[in-house]
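Listed here are the chains, written in short residue letters.
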Amino acid sequence: MGKETIILLYGGRSAEREVSVLSAQSIMRAIDYDKYVVQTYFISQAGDFYKTQTFSQMPDSTEQLMTNASIDEAFAIKPSDIYDKNAVVFPILHGPMGEDGSIQGFLEILKMPYVGTNILTSSVAMDKITTKRVLASVGVPQVAYTVYIEGQPLEASIQETMATLDFPVFVKPANMGSSVGISKAENKDELVAAIQVALTYDSRILIEQGLDAREVEVGLLGNSDIQTTLPGEIVKDVAFYDYQAKYIDNQITMAIPAQLPADSAEQMRHYARLAFQALGGCGLARCDFFLTTDGQIYLNELNTMPGFTQWSMYPLLWEHMGLSYSDLISQLVALAKEMFAGRESHLI
């Protein structure tokens, strides 16, 4: 029996493109090359596609993928040139134009199976504001928040926020992840400045009540049969777990499993599954929670393409559950093929 082909699609146009490269380089070294051949394709910041390396065996430790700093125009291709009727695409893309349903729609038009959630789930989960509104409808607890939409009177939004929430608050672009564009505000002036920073990345801004809380995460895996991990906890060496702390300074450690009361852990796993189902999830996701000092649980967000580096929470959670990094990738490929077959069967 011949090897299957995995297409590793990475890079992208969003501000999270560097995280994508880190994840892709980890995945290409974790894949079981007894089962798979790996073709890699890079999407540049400008949105252009490039065919990069093909691996039929474990790449050398010095092998590096193409980045925006090392683009070679000789390898430029049309987006549709990635098509391979026998391949499964692993779109390890984060943020807008990668995790928001756009690339998922492109792959469905190409009639290719892909790892991760479908168009609708990707789009809804990418937007923090819409996610909150959907999950509130099924009883998943949310942190108190207000919303600012670009073009609305800013002062009115500031006054609404100050009347509804207490400082500190966190200001977030609705459609970004990896803590990109997020700021903590301790007063009105900082709130105004934080909104301006967030508007750099999105026109829809979420303003959330700050909490004295632990940050706990649950991994999800599956299509109709949804499995969850025991919770893991982000243990911070900094006051605010931002992009710099996550990916540049590496100022975090993880407790896997998190030291939680058994009922809190089970409640989080229940809410994670409920949220995944409410959004129509399939494949994978990581559900992030806040646990306050008085035991209250709030769902922070559902990430449909979590970081996939060797030190990322999602693969480490599954490793603790007995599923190795390599086997996790194989399981995701199988789930992608299952979902593709289901989608195709409904086109009658």
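Residues numbered from 1 in each chain as written. Predicted model: local features only at pLDDT ≥ 70, side-chain atom pairs only at ≥ 80, totals over all residues. Heavy atoms only, no water.

Draft legend 1. Layout of the pattern of salt bridges. Taken as a whole, this structure holds 13 salt bridges when the rule is applied. Among the salt bridges present, the one from Glu-155 reaches Lys-188, with a minimum N-O distance of 3.1 Å. Here Glu-155, found in helix α5 (residues 154-164), pairs with Lys-188, found in helix α6 (residues 188-199); they are 33 residues apart in sequence, far enough to count as distant. By relative accessible area, Glu-155 is classed as partly exposed at 40%. Owing to a relative accessible area of 31%, Lys-188 belongs among the partly exposed residues under this scheme. (Salt bridge = Lys/Arg side-chain N within 4 Å of Asp/Glu carboxyl O. Helix = DSSP H or I, 4+ residues; strand = E, 2+ residues; numbered from the N terminus. Buried < 20%, exposed > 50% of the residue type's maximum accessible area, 1.4 Å probe, protein only.)

Draft legend 2. Structural detail: the packing of α5 against α6. Two numbers describe how α5 lies on α6: the axes approach to 11 Å, and their chain directions differ by 125°. It follows from the interaxial angle that α5 and α6 lie oblique. α6 is crossed by α5, and the crossing has right-handed handedness. Across the interface between the two elements, Leu-154, Glu-155, Ile-158, Gln-159, Thr-161 and Met-162 from α5 touch Lys-188, Leu-191, Val-192, Ile-195 and Gln-196 from α6. Of the residues in the contact of α5 with α6, the class split is 6 nonpolar, 3 polar and 2 charged. (Axes fitted to C-alpha atoms, helices over the stretch in contact; angles between N-to-C directions. Parallel < 35°, antiparallel > 145°, perpendicular 65-115°, else oblique. Left-handed = near helix turned anticlockwise from the far one by under 90°. Contact = heavy atoms within 4.5 Å. Nonpolar A, V, L, I, M, F, W, Y, C, P; charged D, E, K, R; others polar.)

Draft legend 3. View of the packing of helix α1 (residues 17-30) against helix α10 (residues 325-345). Packing of α1 against α10 leaves a shortest axis separation of 9 Å and a crossing angle of 100°. Relative to α10, α1 is oriented roughly perpendicular. Only Tyr-325, Ser-326 and Ile-329 of α10 make contact with α1, whose side of the interface consists of Ser-23, Ser-26, Ile-27 and Ala-30.

Draft legend 4. Spotlight on the packing of aromatic side chains. Throughout the structure, instances matching the rule amount to 7 aromatic pairs. A centroid spacing of 5.5 Å and a plane angle of 80° characterise the contact between Phe-90 and Phe-308, whose relative ring orientation is edge-to-face. Here Phe-308 lies in the loop between β15 (297-303) and α9 (313-320) and Phe-90 lies in strand β5 (residues 87-92), a separation of 218 residues in the sequence. Residue Phe-90 is classed as buried on the basis of its relative accessible area of 1%. Classification of Phe-308 as buried rests on a relative accessible area of 0%. Centroid distance Tyr-314 to Trp-318: 6.5 Å. Interplanar angle 65°. Geometry classified as edge-to-face. Pair noted here: Tyr-314 and Trp-318 are both in helix α9, with a separation of 4 residues, about one helical turn. Classification of Trp-318 as buried rests on a relative accessible area of 6%. Grouping aromatic residues by their ring pairs yields a cluster made of Phe-90, Phe-308, Tyr-314, Trp-318 and Tyr-325. (Phe/Tyr/Trp six-rings, centres within 6.5 Å; stacked < 30°, edge-to-face > 60°.)

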